[in-house]
Structures are given as C-alpha cells and as structure tokens.
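The residues making up each chain are set out below.
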Amino acid sequence: MSDTATIPLSVHQRWRAFWVCVAVAALTILDLTKVNVALPSIEQAFGAGSTELQLIVSGYVLTFGLTLVPAGRIGDQRSRRALFIVGLTLFALTSIVCALAPDTSTLLAARLVQGVAAGIQMPQVIGLAQEMFQGAERGKAFGLFGATIGISTAFGPTLGGLMIALGGADDGWRYIFWMNVPLTIAVLAGVIWLLPKTRESRPARLQLDPVGLLLFGLVIVALMAPFLLTTGSPDDNPQRWWLLVAFAVFAAAFVGWERRYAASGRHPLVPLSLFAISSYRNGTLIQAVYFMALPAMFLLTTLFLQLGVGLAPVFAGMVSIGFAVASAAASYIGGRVVTRIGRPLVVWGLVIMLSAVIALTLVAYFVPPGIVEIAMAVVLTVGGFGGGLVISPNQTLTLADIPVKQGGLAGSVGQLVQRIGTAVGTAVALSLFYSTVYREDDGATPALEVYHDAYAFGMISVGLFLAVALVLGVSDLSSRRRRARRS
C-alpha cells in the first residue's frame, strides 16, 4: 500500500464525516431499487423488450459490481475524498443523460456508466468508517449505516412510485432520474465542504495488479451475466448458462494469478489471505446469501401487489415503509449491542426474517384484496426488525479483525458479494414467478389465483436462501464458541 499518515480527528469531525458518507450510501442504494417501478413506463415510452428492460436495471448492478474492488484498492492507497467527488460528479451527469434519453440505447449506456459512478463511491464509505472508528463506536457507526441501507432499500420503490404518480405514465420515469440531480449536488457540497481530510498522502506508485484486474472483470461478468439476463420469459436464451463454465475457468485463473502475484512480494488485487480470517469469510458468505433473499422479497411483493391485486405503484411501494422504519431502529440498536452480544444477534435476526417470509406467503394466499396489502405491511414491519439485526451487526462482525489499511478493499468485496447475491437471488425468484405466470395464465384461471401461485414459488427461493444464511450463522456461532472454550 502507499505510504500514508493518518490525521487524528476529533469526535465531532469523525461523525460529521460519517454522516456525509451515509448520504452517499443512501443516494447509491436508492438507485438500485427505485428504478424497478419505472420499467412498465419505460416499456410504454420506448416499446422496449423484456431483455432491454432487464438490462436497464441489471446493467447498473453489473458495472457497480465491477468497479467496487478496484475503487476500494485505489481508495486505500489514495484520497477517498477525491474519489467521492469524481463518483458523485459522474453520477449527476449520467442521471441527466438518463432523464433526457431519447431511446432505450441511450438510457442503457447511461445506466452502465452510472453503475461505475456508484461503484467508485461505495467502497469509500466503508473504508472511511473502518478507518475512523474502533470498538463499540464502530458498531454504532455500522448500526447507523445499516439503518441507512435498510431505509434506502425499502423506500426506493415508494419514491419511484411517487415520481410515476407525479409525472404520469409518460414522464414519471424521467422524474426518477431528475430527482438524483439536486440530491447528488447536495451530497457533493457536503463532501467538498464538510468532509475532513483523514490522511496525508506521500507519493508512491499506485499498485493495481492489471492482470488481476482483467481476470477479475471476466470472472464477475461471466458469473453475473446469465443471472442478469434471466427474466423468466420463454424467450430467455438458454445458451446464457454456458457463461458459468467460463466463470469457473476465469475464477481458477484469477486465484492462481493472485497467489503467484502475492508470492512475488507484490500486492494482489484481492489478498486471498483475507478469507483465511474466519470472521471475515463467514460474515461475507452470510452477506452474499442474505442479499439473495432481501431484494427478491421486495420485488416479488411489489409485483404481486401491482399485477395480482392491482395496486398502483406508489401504494405497492408504501407497503415496505414499515420494514424500513423497523429495520432502521433495529440496525441502530444492533450496532450498539453487537460488540457485547455478537453473532447470536444475527442468528435471531435471520430467524425473524425467515418467519416473516413464511407469513407473507400465507397472507398472500388467504387474505383477500383490500386487506392483503395492510396485512403484508404489518408482516414486513416485523420482518424489518429482524432485517435490522442482520445487516449492520454482521457488517461489524465481518470487519472486526480486518486491518484498517485494508478497510476499503475488504468493504468493497462485501459490497460486491451483496450485488452478486442480489443478481442471483432476483434472477431465481423472477424465473420462478414469471414461469408460473406463463404456465398457468390460460385465460380461464382467475388472475389472482395465478399470482398467488407465482408469488408462492418465488418466495420459496427467498425462504431457502434465508435458511442457508441461518445455517451459516449458526455454524459461525458454534465455531466462535468452540474457539472461546479452547482459549
């Protein structure tokens, strides 16, 4: 790593910097979820096909994921503040291009670059938090960060639906992108004027491992692309799954190269030694599987309420507000007590989330329209409390044993597995949902019954992913207790 000197910060400066970082994270995560509700309007405006519509959302996720690790490496070696400014400026410009897009191709290209902008910013948020806080104070910071992620994820569809309601079917989707511009300018002003300097950089050669970077890019594209191109439509190209063979080849080449590069005394793109730290390895796996479930749960619920029950997008999105509020409260509480309670907190959170998924499926089947959305909102509020006990406490436990100078890189790997988990989980859930619709919608079966079944099949995958996360959490808890007894 480059030679840097840490500048001591007062408590006030640390928390001021943290709240700027939280604003950056909120802006980035909002754009992951609020665009989903705009897809029907974009389809109507441009006559876009299912693959093009999927790429408008998934292209952002792909380039976001591709940029995270190299941006984390650069942030660990150079100025995080400068990277915030670059990322936010690019984010604002691409939002303008999206809002003015005359056709699908322009919109898709702008979304791809917007994903790069988001990927530049997010590792700096985690890296700064890791750098500025230690012990219980770090748990509190990650608790607030987790609350932000929960609120942004759950409020995204509501805000998107509100913009559609304000702008109408023709222009509402453009309002979603215009909304980013003043928000980004405000956050950029905070970065420029409120973010203190945390390190004095001493010039040193930037170490990026270009061959590792190329192989890493091929690994991520080959892994994510087949899932991102899965819509559940019979028109999906079955040949896309051959990319997973390419993924296995590129992954083996990447691991081999990184080991060789590290053995030569240089700094690899991803130090594989990080995964020898059990707290980091186990926490990262839990993040990956949990995020296979969470965004898919929101998306399936929104689709069921819009397509099956007939709710307007803004009202379908509002069903998740209770989740956001409860998740924020639980994240804050979890962040404060995680250093004392540890992994059991995450395990109990996963139990509550799994119970909520089962309850949502039963509510969809047995509660009639007009009441079902209220019942789902109540269940999601309970689930939100469980979700808040998962994200931020797990983040704290995952990074607890990571050296500060690798905080940005370690955090960016965590964000990357979240994006991969989102892509895989959403693809699996949507495939089950839409394949059921295509199979059962014969014109004679009542539409609501078709969507009952589609929702149930999709939620089975969500429940299975949460069950795997729960098994990983219990396994990690058992290994921690064994180590404690030995010591």
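Here the structure is a predicted model, which is why all the values come from computation and not from measurement.

Draft legend 1. Summary view of the overall build of the protein. When its secondary structure is counted, the protein shows 16 helices and two strands. Over its C-alpha atoms the protein spans a radius of gyration of 22 Å, differing by no more than 12% from the 23 Å that the globule rule assigns to 487 residues. In terms of principal-axis extent, the alpha carbons of the protein reach across some 70 × 55 × 45 Å. Looking at the protein as a whole, 58% of its 487 residues are labelled buried. Within the structure as shown, the protein displays about 18,800 Å² of accessible surface, and the carbon and sulfur contribution to it stands at 69%. Distance between charge centroids for the protein: 20 Å, based on 32 positive and 23 negative side chains.

Draft legend 2. Here's a closer look at the packing of helix 13 (residues 343-366) against helix 14 (residues 372-399). One way to put it is that helix 13 packs onto helix 14 with a least axis distance of 8 Å and a crossing angle of 160 degrees. In this view, helix 13 runs roughly antiparallel relative to helix 14, as classed from their interaxial angle. Considering only the axes of helix 13 and helix 14, their crossing is left-handed. Classifying every residue of the contact of helix 13 with helix 14 gives 21 nonpolar, five polar and one charged.

Draft legend 3. Region of interest: a positive patch on the surface. A cluster of basic residues, Arg281, Arg481, Arg482, Arg483, Arg485 and Arg486, forms a positive patch at the surface. Broken down by element, the positive patch gets its largest block of residues, five residues, from helix 16 (residues 447-486). Structurally, the position occupied by Arg482 is in helix 16. Taking the relative accessible area as the measure of exposure, Arg482 reaches 41% and is therefore partly exposed.

Draft legend 4. Expanded view of empty space enclosed by the protein. On inspection of all chains with the given rule, the structure shows two cavities of 30 Å³ or more. In this model, the largest cavity occupies a volume close to 60 Å³. Lining the largest cavity, in full, are Pro157, Met297, Phe298, Thr301, Thr302, Ala316, Gly317, Val319, Ser320 and Leu380. Here the lining of the largest cavity gets four residues from one element, more than from any other, and that element is helix 10 (residues 278-309). Split into classes, the residues belonging to the lining of the largest cavity amount to six nonpolar, four polar and no charged. In this structure, the second largest cavity spans a volume of roughly 50 Å³. Lining the second largest cavity, in full, are Ile286, Gln287, Tyr290, Phe291, Val390, Ile391, Asn394, Gln395 and Gln418. Class assignment of the residues belonging to the lining of the second largest cavity gives a composition of five nonpolar, four polar and no charged.

Draft legend 5. Spotlight on the confidence of the model for the protein. The share of residues in the protein with pLDDT of 70 or more is 95%, and the mean pLDDT across the chain is 86. Contacts for the low-pLDDT stretch residues 1-5, under 50 throughout, to residues beyond four places or in other chains number 22 contacts.

Draft legend 6. A look at the pattern of salt bridges. All chains considered together, the criterion is met by six salt bridges. Of the charged contacts, one joins Arg343 and Asp476 as a salt bridge, the two residues approaching to 2.7 Å between their closest N and O atoms. Highlighted residues: Arg343 in helix 13 and Asp476 in helix 16, separated in sequence by 133 residues. Each member of the pair Arg343 and Asp476 is classed as buried. Across the salt bridge formed by Arg480 and Asp476, the nearest N and O atoms sit 2.7 Å from each other. Taken as a pair, Arg480 and Asp476 lie in helix 16 at a separation of four residues, close to a single helical turn. By relative accessible area, Asp476 is classed as buried at 1%.

Draft legend 7. Representation of helix 12 (residues 321-341) in the model. Taking 1.5 Å of rise per residue, 21 residues should cover 30 Å, and helix 12 covers 28 Å from first to last C-alpha, within 8% of that figure. Gly335 marks where helix 12 bends most, by close to 40 degrees. For helix 12, every residue scored as buried is listed here: Gly322, Phe323, Ala324, Ala326, Ser327, Ala328, Ala330, Ser331, Gly334, Gly335, Val337 and Val338. The inward-facing, buried residues of helix 12 contact helix 6 (135-178), helix 10, helix 13 and helix 14.

Draft legend 8. Fine view of helix 14. In this model, helix 14 (28 residues) spans 40 Å end to end at C-alpha, consistent with the 40 Å of a helix rising 1.5 Å per residue. The largest bend along helix 14 measures about 25 degrees and falls at Gly386.

What counts, and where the lines are drawn
Residues numbered from 1 in each chain as written. Predicted model: local features only at pLDDT ≥ 70, side-chain atom pairs only at ≥ 80, totals over all residues. Heavy atoms only, no water. Helix = DSSP H or I, 4+ residues; strand = E, 2+ residues; numbered from the N terminus. Rg over C-alpha atoms; globule rule 2.2 N^0.38 Å. Buried < 20%, exposed > 50% of the residue type's maximum accessible area, 1.4 Å probe, protein only. Areas by Shrake-Rupley, 256 points an atom, 1.4 Å probe, with all protein chains shown as cover. Lys, Arg positive; Asp, Glu negative; His and termini not counted. Charge placed at Lys NZ, Arg CZ, Asp CG, Glu CD. Axes fitted to C-alpha atoms, helices over the stretch in contact; angles between N-to-C directions. Parallel < 35°, antiparallel > 145°, perpendicular 65-115°, else oblique. Left-handed = near helix turned anticlockwise from the far one by under 90°. Nonpolar A, V, L, I, M, F, W, Y, C, P; charged D, E, K, R; others polar. Patch = residues over 30% accessible without salt bridge, like charges linked within 9 Å, V, L, I, M, F, W, Y side chains within 5 Å. Salt bridge = Lys/Arg side-chain N within 4 Å of Asp/Glu carboxyl O. 1 Å grid on protein atoms, 1.4 Å probe; cavity = no way out; pocket = protein on both sides within 12 Å on 5 of 7 lines; lining within 4 Å. Points joined across faces, edges and corners; volume = space filled by probe spheres on them. pLDDT = per-residue confidence, 0-100. Contact = heavy atoms within 4.5 Å. Expected span 1.5 Å × (residues − 1). Bend = angle between axes of the 7 residues up to and from the residue.

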